[in-house]
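# Topology and contacts: notes
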Amino acid sequence: MPKTISIIGGGAAGFFSAINIAKKNPSYRITIYEASNNLLSKVLISGGGRCNVTNTISDPKVLVNNYPRGFDFLGSVFNKFTTLDTQKWFTKHGVNLKTESDGRVFPATDSSETIYKCLYQNCIELGVNIKLKHRLIDLTFNQGRWHLKFKEQHESSDIAILATGINSGIIRLLEKLSIPIIQPVPSLFTFNSKNHKQLNLSGISVSNALVSINELPNRTENGSLLITHWGYSGPSILKLSSWLAFDIEKLNYDFNLSINWNSYDLKSLEKRLFLNVINNPKQKVRNWNEHGLPKRLWQQLFDSTGFKDYVNWSEIGKKGIDKLISILTKYEVRILGKTTYKEEFVTAGGINLGAVDVNSFSIKNHSNLYAVGELLNIDAVTGGFNFQAAWSGAYILSEHLSNMH
Ligand SMILES: Cc1cc2nc3c(=O)[nH]c(=O)nc-3n(C[C@H](O)[C@H](O)[C@H](O)COP(=O)(O)OP(=O)(O)OC[C@H]3O[C@@H](n4cnc5c(N)ncnc54)[C@H](O)[C@@H]3O)c2cc1C
């Protein structure tokens, strides 16, 4: 009898598992069960409709630094299937890729439909069955087989692969199977600050900010920062939201954001400002233009110090310089709440990686049960790294199943 495999979840991890298993083991009978009426829906909306499939960072030791959850686990995973393998895989399967200057890799068409079509058509050509509107509501192991309960029917198979992402139904099911989980929290979000003092600067961005959270001083992130009408966004904020996802949740999304607007080094900034006192005593401070910031931002920051427009460098004094340093390097904003970043958001938490065999993605203490993708306690900052974790896990799982054959 050929082995039967049930894959629960028709997303990136489910499809990539199905294709790679089917290629290596043509005799396996594989079925993808998808709860909704749509396949690969996150792939389609990913990367703003362009699908950032992976990144050019390929050295596993460097690559893992993009994963706030999973970096210890993923080292050996990426040794087996890294970002280069992803690029080769998609190219071999007819998808031309292009790389942007920041290392993100997209289909050359700039359309996530290209990735959708590649995954879907390969599944169909390989004879994978796909069943829509099949939400798994219970999973039990009996007499060497997995029994799957859906709303209207039951199925069973030799092997079950969970690729559902995280939702409350699947968490209940995992708890019932005594599979340890880390309770999920959102990651990759932007910070809300209703009626903040820089509303008139919405749309302005700086390229080299340093951001941190006063209540969580051990983490600082660097990168672009965007002022929006609802608060603060941009890569530096997203990275902070990702690395501190669990701590920020504990703060109930109520905290003080601290911004160093141009990653200024305190000592050299102080020196530069005092040099102005010596070299340009009669020049207005407001007209200073060596701050490296958009002019409107500098003027708003200057105005917020309360200095008169006409104050010049000879009049500002030590206290004044300290005030400028503070506003430039420790600008504080009260944050209350979060907003989902439309390009990419993920869930931190999921199956505790201690319960997962890193060489096979099987769930320890359960026969022939596997889990891949976002359902695991693995998540990354933006840049194609979340999909990469799904591709790598699914590939390793497929290799393991073909070795078992
Ligand atoms: C807006 C947005 C943009 C993104 N852009 C990017 C990007 O450009 N690059 C990147 O690397 N990452 C991106 N991500 C993250 C990436 O999409 C996810 O990490 C990835 O899709 C996870 O794949 P998955 O297969 O594990 O889960 P999912 O894609 O969530 O797929 C899980 C599937 O399982 C189904 N399912 C759930 N429960 C059940 C059940 N009980 N029974 C049956 N089926 C079930 C779901 O309906 C779903 O179809 C983005 C995320 C979002 C939300």
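The numbering scheme is per chain: residues are counted from 1 as the chain's sequence reads. In keeping with the model being predicted, local features are shown solely for residues with a pLDDT of at least 70 and side-chain atom pairs are shown and tallied solely at 80 or more, while totals for entire chains, interfaces and linings include all residues. Remark: hydrogens and water are excluded; side-chain values derive from all non-hydrogen atoms of the structure.

Moving on to the overall build of the protein. Secondary structure is summarised from DSSP: a helix means a run of H or I of at least four residues, a strand means a run of E of at least two, and numbering begins at the N terminus for each. Of the regular secondary structure elements, the protein holds 13 helices and 20 strands. Counting only C-alpha atoms and orienting by the principal axes, one finds that the protein spans roughly 90 × 40 × 35 Å. Counting over 405 residues, the protein shows a buried share of 52%. Note on definitions: a residue-residue contact is assigned when non-hydrogen atoms from the two residues lie within 4.5 Å. Look at the contacts in the protein between residues 6 or more apart in sequence, and 74% of them connect residues 24 or more apart. For every accessible area listed, the method is Shrake-Rupley and the probe measures 1.4 Å; residues are considered covered only by the protein chains on display. When the accessible surface of the protein is split by element, carbon and sulfur atoms take 49% of a total near 18,400 Å². Under the convention used here, Asp and Glu are negative, Lys and Arg are positive, and both His and the chain ends fall outside the count. Charge coordinates come from a single atom per side chain, which is NZ of Lys, CZ of Arg, CG of Asp or CD of Glu. In the protein, which carries 44 positive and 33 negative side-chain charges, the distance between the mean positions of the two groups comes to 2 Å. Any residue under 20% of the maximum accessible area for its type is buried, any over 50% is exposed, and the rest in between are partly exposed; the area is computed with a 1.4 Å probe on protein chains only.

The next subject is the packing of helix H2 (residues 41-49) against helix H6 (residues 112-125). Fitting a line to C-alpha atoms yields each axis, with helices limited to the stretch in contact; the angle taken between N-to-C directions then spans 0 to 180 degrees. The contact between H2 and H6 brings their axes to 8 Å, and the two run at 155 degrees. In terms of their interaxial angle, H2 and H6 are classed as roughly antiparallel. Seen from above, H2 lies across H6 with right-handed handedness. Residues Val43, Leu44, Ser46 and Gly49 of H2 form the contact with H6, whose own contacting residues are Ser112, Glu113, Ile115 and Tyr116. In terms of residue class, the contact of H2 with H6 is made up of 4 nonpolar, 3 polar and 1 charged. Roughly parallel means an angle under 35 degrees; roughly antiparallel means over 145; roughly perpendicular covers 65 to 115; every other angle is labelled oblique. In this scheme the handedness of a crossing depends on how the near helix is turned from the far one: anticlockwise by less than a right angle means left-handed, clockwise means right-handed. We call Asp, Glu, Lys and Arg charged. Ala, Val, Leu, Ile, Met, Phe, Trp, Tyr, Cys and Pro are nonpolar, and the rest, Gly among them, are polar.

In this section: the nonpolar core. Core analysis: the biggest nonpolar cluster contains 81 residues, and Phe90, Leu119, Ile161 and Ile351 have the highest contact counts within it. Membership of the second largest hydrophobic core comes to 43 residues, among which are Leu201, Val211, Leu225 and Phe302. Among buried residues, those of type Ala, Val, Leu, Ile, Met, Phe, Trp, Tyr and Cys that are joined through side-chain atoms within 4.5 Å constitute a nonpolar core.

Now for the sheet that holds strand E4 (residues 97-99). Any two strands with at least two DSSP bridges between them are considered paired. Here 3 strands make up an open sheet; going across it, the order is E3-E5-E4 and the pairing antiparallel. Each edge of the open sheet is held by one strand with a lone partner, namely strand E3 (54-55) and E4. When E4 meets strand E5 (residues 104-107), the two strands line up antiparallel, connected through 3 bridges. Looking across to E5, one finds that Lys98 is bridged to Phe106.

Attention now goes to the site of the ligand. Taken together, the neighbourhood of the ligand is formed by 32 residues, with Glu34, Leu136, Glu343, Glu374 and Phe387 sitting nearest. For this analysis, a polar contact is any N or O atom pair within 3.5 Å, provided that within protein one partner can donate a hydrogen and the other can accept it, and provided that sequence-adjacent residues contribute only side-chain to side-chain pairs. Taking Asn52, its main chain carries an N or O atom lying 3.0 Å from a nitrogen atom of the ligand. For the ligand, a nitrogen atom lies 2.9 Å from a polar atom in the side chain of Asn167. Out of a free accessible area of 1,000 Å², the ligand has 94% covered by protein chains. Only helix H1 (12-24), H2 and helix H13 (385-404) provide two or more residues apiece to the shell around the ligand. Here the shell around the ligand gets 4 residues from one element, more than from any other, and that element is H2. Residues belonging to the shell around the ligand are distributed by class as follows: 12 nonpolar, 13 polar and 7 charged. If even one non-hydrogen atom of a residue comes within 4 Å of a molecule or strand, that residue is called near it.

Another aspect to go through is the sheet that holds strand E16 (residues 254-260). Judged by pairing direction, the sheet is antiparallel, and its 7 strands sit side by side in the order E17-E16-E13-E14-E15-E12-E18 without closing on themselves. Two strands bound the open sheet, and with one partner strand each, they are strand E17 (331-336) and strand E18 (338-340). Going from strand to strand, the sheet's axes swing by 40 degrees on average, the running direction of each strand aside. Here strand E12 (residues 189-192) pairs with strand E15 (residues 231-233) via 2 bridges, running antiparallel. From the neighbouring strand, Asn192 faces E15, where its bridge partner is Gly231. Along the sheet, helix H8 (residues 235-243) contacts E12, strand E13 (205-213), strand E14 (216-227), E15 and E16; its crossing angle with E14, the most-contacted strand, is approximately 150 degrees.

This part covers the environment of Lys284. Following the sequence through the fold, Lys284 ends up in the loop between helix H10 (266-279) and helix H11 (295-304). Residue Lys284 is classed as partly exposed on the basis of its relative accessible area of 38%. Separated by 55 residues in sequence, Lys284 and Thr339 have C-alpha atoms that sit 39 Å apart.

In this fold, Ser233 is placed in strand E15. Taking relative accessible area as the criterion, Ser233 reaches 6% and is therefore assigned buried. Discounting chain neighbours no more than four positions away, the residues touching Ser233 are Thr190, Ser224, Leu225, Leu226 and Thr228.

What follows is about the state of the cysteines. Pairs of cysteine sulfur atoms within 2.5 Å are what we label disulfides. Taken as a whole, this structure holds 0 disulfides when the rule is applied. Unpaired in terms of disulfides, Cys51 finds its nearest cysteine sulfur in Cys118, a separation of 10 Å. Judged by its relative accessible area of 0%, Cys51 is buried.

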